[in-house]
Amino acid sequence: MNENQLMGYAREALGNSYSPYSNFPVGAAILCKDGNIITGVNVENASFGGTNCAERSAIFTAVGKGYKKGDFLAIAVAGKTKGFLPPCCICRQVMVEFFEPDAPVYLTNGTQEIQVHSLKDLVPLSFDKLDI
């Protein structure tokens with residue numbers, strides 16, 4: 001699967017976003033090692049703190065289906081923004097927990113353009129282990 005195909009899943013998921021407060025829909029799609037695609041959307045809540053981002057929704061859905069750390073190859077994030085839409089820092093930290101550092105993170109904007117980053121480039125000083 002190439003980046004355009006994976007982004008297609010993220011763009012399709014975008015239509016399922018529940019974002020009545022911000023009107024800022026986001027869709028995400030994860031490519032798993034077994035070839036399956038897991039999607040997620042942002043789900044807002046009137047309390048705002050109860051809101052969940054598309055990237056975490058996709059990761060948590062995958063975990064609920066039995067996927068584990070290391071089972072994820074790439075993630076695509078789609079929005080309708082003018083600029084490229086990067087994951088928030090909470091999502092980046094959750095991605096660090098489940099993806100390899102070199103995993104590609106595909107970002108898009110309201111057009112068909114795609115930007116590619118590695119996770120380690122998005123989170124250069126990640127919190128990745130507990131040294132107790």
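Scope of this entry: the structure provided in the associated data block. All figures in this text were calculated on a predicted structure; none of them were measured in a lab.

**Comments concerning a nonpolar patch on the surface**
Working step 1: Side chains of Tyr-18, Tyr-21, Val-43 and Phe-48 sit close together on the surface and give an oily, nonpolar patch of about 430 Å² of accessible area.
Working step 2: Relative to the helices and strands, Tyr-21 is located in the loop between α1 (3–14) and β1 (26–32).
Working step 3: Judged by relative accessible area, Tyr-21 falls into the partly exposed class, the value being 42%.

**Side note on the packing of aromatic side chains**
Working step 1: For the coordinates displayed, the defined rule picks out four aromatic pairs.
Working step 2: With 6.0 Å between their ring centres and 70° between their planes, Tyr-21 and Phe-48 make a pair best called edge-to-face. With a gap of 27 residues between them, Tyr-21 in the loop between α1 and β1 and Phe-48 in the loop between β2 (37–41) and α2 (54–64) connect regions that are remote in the sequence.
Working step 3: Judged by relative accessible area, which is 57%, Phe-48 ranks as exposed.
Working step 4: Centre to centre, the rings of Tyr-67 and Phe-72 are 6.4 Å apart; their planes meet at 40°, and the pair counts as tilted. Take Tyr-67 and Phe-72: they sit in the same class, and that class is buried.

**Concerning the environment of Lys-65**
Working step 1: Secondary-structure assignment places Lys-65 in the loop between α2 and β3 (72–79).
Working step 2: In this structure, the C-alpha to C-alpha distance between Lys-65 and Gly-79, residues 14 residues apart in sequence, is 25 Å.

About the thresholds
Residues numbered from 1 in each chain as written. Predicted model: local features only at pLDDT ≥ 70, side-chain atom pairs only at ≥ 80, totals over all residues. Heavy atoms only, no water. Patch = residues over 30% accessible without salt bridge, like charges linked within 9 Å, V, L, I, M, F, W, Y side chains within 5 Å. Areas by Shrake-Rupley, 256 points an atom, 1.4 Å probe, with all protein chains shown as cover. Salt bridge = Lys/Arg side-chain N within 4 Å of Asp/Glu carboxyl O. Helix = DSSP H or I, 4+ residues; strand = E, 2+ residues; numbered from the N terminus. Buried < 20%, exposed > 50% of the residue type's maximum accessible area, 1.4 Å probe, protein only. Phe/Tyr/Trp six-rings, centres within 6.5 Å; stacked < 30°, edge-to-face > 60°.

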